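# Fold and contact review
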Amino acid sequence: MKISKANMNNAINKPARDPRHRKFRILSTSLTIIVIASIILLNVIIGVVADRFPFTLDMSSDKVFTLSNESKEIASSMSKDVEVVIFADVESYFISLAEQVYTYYYSYYGQEVNLSNELERVSREIETALAQLQTASNGKLTYTFIVPDQEREKYAEYSKYNLGSNNVLFISGERHRKTELSTMCDYLSSTTSVTSNVEKVLVSNIFALQGNSDRIVQVLTGHEEDTYTLSGLKKLYELNGYQFEELLITGSATFNDSAEIMLIAAP
């Protein structure tokens, strides 16, 4: 076997591998792995902390995404755990509501009213308010969203509460309260603007469950009562923490002895 002169010179001139260079590569690789692992761990920790203590920065001019001091005090003084379950795709619900309002105004008044942005803001405010209440309550308040059509098994777990579409359920032990997602806001035909009731609805129901019994209002029905007035009264009382019950006077229902107020709506 012949070795050329050129190959011999290359072999002679090739420098020996520096062991320090090998150590540097090992150290560099190790540091890279440690940094990547640290970033992953930090992200996991931040995610856990964010879920447990959510933080939001309210950039809105009227601070609609910031709880009032009174609401924070009620949440911080909670003595009983409360679970809030919203049975709806909240964003889709308010998009649909905006379309309904638009159709209503255009059909009856020939007026184009677009409340999409304001109702979208109410949609975002719901989850933001719940997150802040959870933080203020130190975890005594928990909440979840269930879309009945997509999560039938989860929805079925709450069947004993006789739920309707787009219900909001508040549960504390053996007691519960429920309302409708529509109570979270009002829109006025005179000003074509939206008023948010998010904080008031959430806090009033949470506060009501901290007591030992419900504050009940009963209204007599079955005499062709004014349903529009009845609906307005129902929303008003529920916003102030009352449980609204209807009593069909032509049926076999009996008066609730625990009711604080009895109403008869005009026909």
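Nothing here was measured: the structure is a model prediction, and the numbers come from that model. Residue numbers here run from 1 along each chain, matching the order of that chain's written sequence. Note on the predicted model: pLDDT of at least 70 is required for a residue's local features to be given, and 80 or more for side-chain atom pairs to be given and counted; whole-chain, interface and lining totals, by contrast, use all residues. Side-chain metrics rest on all non-hydrogen atoms present in the structure, leaving aside hydrogens and water.

## Quick notes on the overall build of the protein chain
Tallying secondary structure elements over the protein chain gives 8 helices and 9 strands in all. Exposure is judged per residue with a 1.4 Å probe applied to protein chains only, and the accessible area is read against the type maximum: over 50% gives exposed, under 20% gives buried, and values in between give partly exposed. Burial statistics for the protein chain: of 267 residues in total, 32% are counted as buried. Here, two residues are considered to be in contact whenever any of their heavy atoms come within 4.5 Å of each other. In the protein chain, of all internal contacts separated by at least 6 residues, the share reaching a separation of at least 24 is 73%. In DSSP terms, a helix is any run of H or I states spanning at least four residues, a strand is any run of E spanning at least two, and both are numbered starting from the N terminus.

## Quick look at the nonpolar core
Where a protein is soluble and globular, its nonpolar side chains tend to be buried together. In this structure, Ile86, Phe94, Ile126, Leu181 and Met184 are the most contacted members of the largest nonpolar core, which totals 34 residues. Looking at this core, the elements that each hand over two or more residues are strand E1 (82–86), helix H4 (90–109), helix H5 (116–136), strand E3 (167–172) and helix H7 (198–208). Non-local contacts of Ile86, meaning those with residues more than four positions away in its chain, are made with Ile126, Leu130, Thr144, Phe145, Ile146, Asn167, Val168 and Leu181. Take the buried Ala, Val, Leu, Ile, Met, Phe, Trp, Tyr and Cys residues and link them wherever side-chain atoms come within 4.5 Å; each set so joined is a nonpolar core.

## Comments concerning the pattern of salt bridges
Salt-bridge detection follows one rule: a side-chain nitrogen of Lys or Arg within 4 Å of a carboxyl oxygen of Asp or Glu. Taken as a whole and judged by the stated rule, the model has 2 salt bridges. Residue Asp81 pairs with Lys140 through a salt bridge whose shortest N-O separation is 3.6 Å. With a gap of 59 residues between them, Asp81 in the loop between helix H3 (69–76) and E1 and Lys140 in the loop between H5 and strand E2 (141–145) connect regions that are remote in the sequence. For Lys140, a relative accessible area of 29% puts it in the partly exposed group. Across the pair Glu151 and Lys154 runs a salt bridge, and its minimum N-O distance is 3.6 Å. On the basis of relative accessibility, which here comes to 25%, the residue Glu151 falls in the partly exposed class. Assessed through its relative accessible area of 43%, Lys154 is described here as partly exposed.

## What to know about the sheet that holds strand E7 (residues 216–221)
Here, any two strands with at least 2 DSSP bridges between them count as paired. On the basis of which strands lie adjacent, the open sheet formed by 3 strands has the order E8-E7-E9 and parallel pairing. Looking along the sheet, the strands with just one partner apiece sit at the ends: strand E8 (243–248) and strand E9 (259–264). This sheet shows a mean twist of 25° between the axes of neighbouring strands, independent of strand direction. The pairing of E7 with E9 spans 5 bridges and is classified as parallel. Across the sheet, residue Ile216 finds its bridge partner in E9, namely Ala259. Lines are fitted to the C-alpha atoms to define the axes, a helix being fitted only along its stretch in contact, and any angle between axes, read from their N-to-C directions, falls within 0 to 180 degrees.

## Notes on H7
Within H7, 8 of the 11 residues are buried, leaving the element largely enclosed by the surrounding structure. Residues Val198, Val201, Leu202, Val203, Ser204, Asn205, Ile206 and Ala208 constitute the buried set of H7.

## Concerning the packing of aromatic side chains
Aromatic contacts are taken between Phe, Tyr and Trp rings whose centres are within 6.5 Å, Trp giving its six-membered ring; a plane angle under 30 degrees counts as stacked, one over 60 as edge-to-face, and the others as tilted. Across all of its chains, the model carries 5 aromatic pairs by this definition. Each ring, one from Tyr143 and one from Phe145, has its centre 6.1 Å from the other, and the planes form 85°; the classification is edge-to-face. Residue class for Tyr143 comes out partly exposed when judged on its relative accessible area of 24%. For Phe145, a relative accessible area of 26% translates into the label partly exposed. Ring centres of Tyr158 and Tyr161 lie 6.4 Å apart, and the angle between their planes is 35°; on these two criteria the pair is classed as tilted. The pair Tyr158 / Tyr161 is uniform in exposure class, with both members buried. Members of the aromatic cluster, each reached through a chain of ring pairs, are Phe87, Tyr155, Tyr158 and Tyr161.

## Quick look at the sheet that holds E3
Here 4 strands make up an open sheet; going across it, the order is E2-E1-E3-E4 and the pairing mixed. In this open sheet, the two edge strands, each paired with only one partner strand, are E2 and strand E4 (175–180). Averaged over all pairs of adjacent strands, the angle between strand axes in this sheet comes to 15°, irrespective of strand direction. Pairing between E3 and E4: 6 bridges, direction antiparallel. Within the sheet, the bridge partner assigned to Leu169 lies in E4 and is Lys178. Sheet contacts for H5: E1 and E2; angle to E2, the most-contacted strand, approximately 155°.

## Description of H5
For H5, spanning 21 residues, the distance from its first C-alpha to its last is 30 Å, which sits close to the expected 30 Å at 1.5 Å a residue. Within the sequence span of H5, burial applies to Leu119, Val122, Ser123, Glu125, Ile126, Thr128, Ala129, Leu130, Ala131, Gln132, Leu133 and Gln134. Note on H5: the residue one or two positions beyond its end, Asn138, has a positive phi of about 60°. Here, expected helix span is obtained from the residue count minus one, scaled by 1.5 Å.

## Concerning the confidence of the model for the protein chain
In predicted models, pLDDT denotes the confidence assigned by the predictor to each residue on a 0 to 100 scale. Looking at the protein chain, the pLDDT average stands at 76 and 67% of residues meet or exceed 70. When the criterion is pLDDT under 50, residues 48–62 qualifies, and its contacts beyond four places in sequence or with other chains add up to 18 contacts.

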